[in-house]
Amino acid sequence: MFALKYTLVILYLILLYRLKRSRRSFNNWLYDYINRQETIPFVKKCGILWLLLSFEEDRNKESLSTCLKAFSFEIESCERLSKVKDRVESKFC
């Protein structure tokens, strides 16, 4: 069930990104979008998950550390995000 919700949220975020016609990369736009205070919590968690997995794939340590600092509270309060964070961090060590 989570996979379905995650997919729908990411599709929603991609649609918003396309409608905004941003010239920035999707990850940069997403970081700014979910960093706003009024973002829906589930959307924010899915966005953080997307960013963590993206940084893992790209092996982008600098962006990962920025994301971990910015969303430390959300990551620590969600077991799934904590597990993904630990896995991603272990790959960089």
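Thresholds, definitions, all that
Residues numbered from 1 in each chain as written. Predicted model: local features only at pLDDT ≥ 70, side-chain atom pairs only at ≥ 80, totals over all residues. Heavy atoms only, no water. Phe/Tyr/Trp six-rings, centres within 6.5 Å; stacked < 30°, edge-to-face > 60°. Helix = DSSP H or I, 4+ residues; strand = E, 2+ residues; numbered from the N terminus. Buried < 20%, exposed > 50% of the residue type's maximum accessible area, 1.4 Å probe, protein only. Lys NZ or Arg CZ within 6 Å of the ring centre and 35° of its normal. Expected span 1.5 Å × (residues − 1). Contact = heavy atoms within 4.5 Å.

(A) Main features of the packing of aromatic side chains. Counting across every chain of the model gives 6 aromatic pairs. Considering the side-chain rings of Tyr 31 and Phe 71, the 5.5 Å spacing of their centres and the 70° angle between planes classify their relative orientation as edge-to-face. Within this pair, whereas Tyr 31 is found in helix 2 (residues 26-35), its partner Phe 71 is found in the loop between helix 4 (61-70) and helix 5 (72-77), the two being separated by 40 residues in sequence. Relative accessible area serves as the criterion here: at 0%, Phe 71 is assigned to the buried category. We note Lys 5 situated over the ring of Phe 42; from NZ or CZ to the ring centre the distance is 5.9 Å.

(B) A look at helix 3 (residues 41-58). End to end, helix 3 covers 26 Å across 18 residues, agreeing with the expected 26 Å (1.5 Å per residue, within 8%). The complete set of buried residues in helix 3 reads Val 43, Lys 44, Cys 46, Gly 47, Ile 48, Leu 49, Leu 51, Leu 52, Ser 54, Phe 55 and Glu 56. Turning to helix 3, the residues buried within the fold contact helix 1 (2-20), helix 2, helix 4, helix 5 and helix 6 (79-92). With its phi angle positive at about 55°, Arg 59 sits one or two positions after the end of helix 3.

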